[in-house]
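# Summary of the model geometry
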Amino acid sequence: MKKILIVEDEISIAELERDYLEIDGFYADIIRDGSDGLRLALNEDYDLVILDLMLPVVDGFEICRQLRTATNIPILMVSARKEDIDKIRGLGLGADDYITKPFSPGELVARVKAHLARYERLLGNSHQKNDLINIRGLSIDKAARRVFINNIEVNLTNKEFELLVFLASNPNRVYSKDDLFERIWGMDSMGDLATITVHIGRLRDKIEPVPSNPQYIETIWGVGYRFKV
């Protein structure tokens, strides 16, 4: 089931959008505050964002700008503002569509479906989609074996890349050093657990904004490591 995030402070409009989306088989969350909406969009696994422009704390333009540094999922802007300059600005920041209020809920659902289908086509098929991981500014292209932090490429060794891909593909699960050594090196650790420590340290130096306070690869003391999403 596709997950849609609705960031809209007019609750009656948001609930109407949600109802029509759920009738068509989507799952939808509603967030009324721009700051909370940005946090959820960056940290949760949504397939599309419906984004109002006029929001408390953080407006839709800023949310769109920040999302586009971290993810390529479709963004549909909705607004009562009909001025062309707002549409141009929104689309220029990376929004995929701009819908002016009032609009037909049926039209919104149709556009959601169209943009999701287009996104799937751009990614190829579901297997190819799984070759792309985007989490809070970290982008991993498994097929091309390339990694980017905030659109800047970082160079990893083969084992560093394989370790990162494995952890990022299995988020929020804790793996011991033994588990990681067996899965990445394909053998029992045989006393080489320091290898994991070294590779985790190198990965953090390359992908973490503050390696001593990691936001991606978390140490679970006495157990192992976990990739946070």
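Everything in this summary refers to the structure shown in the same document. (Residues numbered from 1 in each chain as written. Predicted model: local features only at pLDDT ≥ 70, side-chain atom pairs only at ≥ 80, totals over all residues. Heavy atoms only, no water.)

## So, the side chain of arginine 204
Mapped onto the fold, arginine 204 is located in helix H9 (residues 193-207). Notably, arginine 204 is buried but unbridged: the nearest opposite-charge side chain belongs to glutamate 208, and the N-O separation is 5.0 Å. Other than its neighbours up to four places away in sequence, arginine 204 contacts Pro211, Pro214, Ile217, Glu218, Thr219 and Tyr225. (Helix = DSSP H or I, 4+ residues; strand = E, 2+ residues; numbered from the N terminus. Buried < 20%, exposed > 50% of the residue type's maximum accessible area, 1.4 Å probe, protein only. Lys, Arg positive; Asp, Glu negative; His and termini not counted. Salt bridge = Lys/Arg side-chain N within 4 Å of Asp/Glu carboxyl O. Contact = heavy atoms within 4.5 Å.)

## Some points on the nonpolar core
Among the nonpolar cores identified, the biggest contains 27 residues, and Leu138, Ile140, Leu164, Leu167, Leu180, Ile217 and Phe227 are the most heavily contacted of them. Contributing elements (two or more residues each) for this core: strand S6 (132-135), strand S7 (138-141), strand S8 (146-149), helix H7 (158-169), helix H8 (177-185), H9 and strand S12 (224-227). With seven residues, the top contributor of residues to this core is H7. With residues near it in sequence (within four places) discarded, isoleucine 217 still touches Leu167, Ile200, Leu203, Arg204, Ile207, Glu208, Tyr225, Arg226 and Phe227. Ranked by size, the runner-up nonpolar core spans 22 residues in total, among them Leu5, Val7, Cys64 and Tyr119. (Core = buried A, V, L, I, M, F, W, Y, C linked by side-chain atoms within 4.5 Å.)

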